[in-house]
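Structural characterization, general
Spelled out, the chains give:
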Amino acid sequence: MTIHAGMTAPIAPVASEATDAPAHVRIVEVSKRLGDFAAVRNISLDIKRGEMLTLLGPSGCGKSTTLRLLAGFYQPTEGEIFLGDTRITMLPPNQRQMTMVFQEYALFPHLRISENVGYGLKRRRLPKAQAEARIAEMLELVGLATSGEKYPHQLSGGQQQRVALARALAVDPEVLLLDEPLSNLDARLRVRLREEIVRLQKVLGKTMVFVTHDQEEALSISDRIAVMKEGRIEQLGTPDEIYFKPRSRYVAEFVGTANFLPVDVLDAGTIRLGSKNLSFAAGRAPGAATLMARPHALKLTEGGSPAAIPELRGVIERKAFHGSTTRLWAKTSFGDVIVDDPNSRGWPIGAQIGIEIDTNQLHVLGADD
């Protein structure tokens, strides 16, 4: 975890609540129409107290609209929203005990950093001494304790976004909403700042709802992920569940790279791929299905290896160096198959290869999923 010089955690970590605790936020059969467009379609979602929940999906899938419904910037066409036991469906944003961090930093350029952080406290008429102490605490928390007298233009993009986080947290909201807060930053800074957001979330024990279209970002920060498609939640689960056990081809393709191969399920634990039978852990009714295998679940072998699947013998057509692995595309009778090879063998383009599959990492989808 990256922690910058001068950054401390003045607040003790808060333990997570039991998983069977009542939901902190509830979305109940909510829909939202924007003109003739159904932006959100009958979604229901319970968000646990103290968890980081990410809404993940492509542009136009409804994730930012859902966040704005939570914030109160939109009111649902149908359905209800609750904070604890309190119905907040029709409450204005300033009465919801939620604050939002936007993609744009939205700092006041004419105000010093300390004034930006204390803006919400001033509007709430917090006594000056208490406000100053809270501002200092928040700037210390985000590693900007010495920057209070500076103006936004004197800070980097990453520092400005940390100021936006400090301003949102200063008013001590029950829920923090983050709408693609890192998308304006370069790749290296995004990684560093998302680690800091996770640190803040764990230190403060805040319930956070994070919106992103970046699957790597979602997998790395979330307690749970809701993958959205066309205004609906396609799958809700932990990062492990979403990545290794997607419920549909859409989820599998959106969250990482995957190979899809036609198979027949013979019985509860056996599939037939080409001319070879393979065991798999999860039961599924007999019939046509689709095998999903992530690139790291495949292993390149010499073309004549008896462990290789006959139909997966082929030729390497291209490759790309990814640091700890090399990604290779091999032409087989099933079409292109992608393999992440951790070895330093250096398979050449045009090499005749076979492919073995780690049966512990197989996931079988229905033929129409």
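Just so it is clear, the model here is predicted, and its values are computed rather than measured. Numbering of residues starts from 1 in every chain and runs along the sequence as written. Where totals are concerned, whole chains, interfaces and linings use all residues; where local detail is concerned, this predicted model gives features only for residues with pLDDT of at least 70, and gives and counts side-chain atom pairs only at 80 or more. Excluded from the side-chain calculations are hydrogens and water; all other atoms, namely the structure's heavy atoms, are used.

Considering the overall build of the protein chain
The following threshold applies: A run of H or I in DSSP counts as a helix once it spans at least four residues, and a run of E counts as a strand once it spans at least two, with each numbered from the N terminus. Think of it in three bands: residues with accessible area under 20% of the maximum for their type are buried, residues over 50% are exposed, and the middle band is partly exposed, with areas taken using a 1.4 Å probe on protein chains only. Contacts are residue-level and defined by heavy atoms, with any inter-residue pair within 4.5 Å sufficient. Areas reported here follow the Shrake-Rupley algorithm with a probe of radius 1.4 Å; residue values treat only the protein chains shown as occluding. Charge counting follows a simple rule: Lys and Arg are positive, Asp and Glu are negative, and His as well as the terminal groups are ignored. The location of each charge is read from NZ of Lys, CZ of Arg, CG of Asp or CD of Glu.
Scanning the protein chain for helices and strands turns up nine helices and 20 strands. In terms of its C-alpha atoms, the protein chain occupies a principal-axis envelope of roughly 75 × 45 × 40 Å. Within the protein chain, buried positions represent 49% of all 369 residues. Put simply, 67% of the contacts in the protein chain that link residues at least 6 apart link residues at least 24 apart. For the protein chain, the exposed surface amounts to about 17600 Å²; the carbon and sulfur share of it is 49%. Of the charged side chains in the protein chain, 44 are positive and 43 negative; the average position of the first set lies 4 Å away from that of the second.

Things to note about helix α5 (residues 157-170)
This is how the line gets drawn: Helix span, as expected, comes to 1.5 Å for every residue beyond the first.
Between its first and last C-alpha atoms α5 spans 20 Å; for 14 residues at 1.5 Å apiece the expected length is 20 Å, and the two agree. Most of α5 is tucked away: twelve of the 14 residues are buried. Taken together, the buried positions of α5 are occupied by Gly158, Gln160, Gln161, Arg162, Val163, Ala164, Leu165, Ala166, Arg167, Ala168, Leu169 and Ala170. Next to the buried residues of α5 lie β6 (98-101), α2 (113-117), α3 (119-123), α4 (128-141), β7 (175-179) and α6 (187-204).

Examining the sheet that holds strand β12 (residues 270-273)
For clarity, the cut-off: Strand pairing follows a simple DSSP-based rule, namely that at least 2 bridges must link the two strands. The convention used is that axes are lines fitted to C-alpha atoms, helices contributing only their stretch in contact, and that angles between N-to-C directions extend from 0 to 180 degrees.
Taken in spatial order, the five strands of this open sheet run β13-β12-β11-β14-β20, and their pairing is antiparallel. A strand with exactly one partner marks an edge of an open sheet, and here the two such strands are β13 (276-279) and β20 (363-366). With strand direction ignored, the average angle separating the axes of adjacent strands in the sheet is 45°. Bridge analysis of strand β14 (residues 287-293) against β20 gives four bridges, and the strand direction is antiparallel. Its bridge partner being in β20, Met292 is matched across the sheet by His363.

Describing the pairing of strand β16 (residues 314-321)
Relative to strand β19 (residues 352-357), β16 is paired through two bridges, and the arrangement is antiparallel. Bridging from a neighbouring strand, Val315 pairs with Gln352 of β19. Sheet topology note: the β16/strand β17 (residues 326-332) ladder contains six bridges and is antiparallel. Within β17, the residue paired with Ala320 across the bridge is Arg327. Between β16 and β17, which follow one another and run antiparallel, lie four residues, and Gly323 among them has a positive phi close to 90°.

Re the environment of Pro239
Inspection of the secondary structure assignment puts Pro239 in helix α8 (residues 239-244). Residues Pro239 and Ser222 lie 17 residues apart in sequence; the distance between their C-alpha atoms is 6.9 Å.

Observations concerning the packing of α5 against α6
Cut-off, in case you're wondering: In these notes the angle categories are as follows: under 35 degrees is roughly parallel, over 145 is roughly antiparallel, 65 to 115 is roughly perpendicular, and the rest is oblique. By convention the crossing between two helices is left-handed if the near helix lies anticlockwise of the far one by an angle smaller than a right angle, and right-handed if it lies clockwise. When residue character is reported, Ala, Val, Leu, Ile, Met, Phe, Trp, Tyr, Cys and Pro are called nonpolar, Asp, Glu, Lys and Arg charged, and the others, Gly included, polar.
Running from N to C, α5 and α6 cross one another at 20°; their axes reach a closest spacing of 11 Å. In this view, α5 runs roughly parallel relative to α6, as classed from their interaxial angle. Along this stretch, α5 crosses α6, giving a crossing that reads as right-handed. On α6, the residues that touch Gly158, Gln161, Arg162, Leu165 and Leu169 of α5 are Leu189, Leu193, Glu196, Ile197, Leu200 and Leu204. For the contact of α5 with α6, the per-class residue count stands at seven nonpolar, two polar and two charged.

Things to note about the layout of surface pockets
The condition that has to hold: In this analysis the probe radius is 1.4 Å and the grid spacing 1 Å, with only protein atoms considered; a cavity is a set of points the probe fits into but cannot get out of, a pocket is an open set with protein on both sides within 12 Å along at least five of seven lines, and lining residues have an atom within 4 Å of a point. Grid points are joined across faces, edges and corners, and a volume is the space filled by probe spheres set on the points.
Within this model, the largest pocket holds a volume of roughly 780 Å³. Forming the boundary of the largest pocket are 26 residues, of which Met98, Thr99, Gly120, Arg124 and Val171 lie nearest the centre. Elements with a minimum of two residues in the lining of the largest pocket: β6, α3 and α5. At four residues, β6 tops the list of elements feeding residues into the lining of the largest pocket. Within the lining of the largest pocket, the residues separate by chemical class into 15 nonpolar, five polar and six charged. Taken as a whole, the second largest pocket holds about 300 Å³ of empty space. As for the second largest pocket, its lining consists of Leu111, Ser114, Glu115, Gly118, Tyr119, Leu121, Lys122, Leu126, Lys128, Ala131, Glu132 and Ile135. Among the secondary structure elements, those contributing two or more residues to the lining of the second largest pocket are α2, α3 and α4. Across the lining of the second largest pocket, the residue classes break down as six nonpolar, two polar and four charged.

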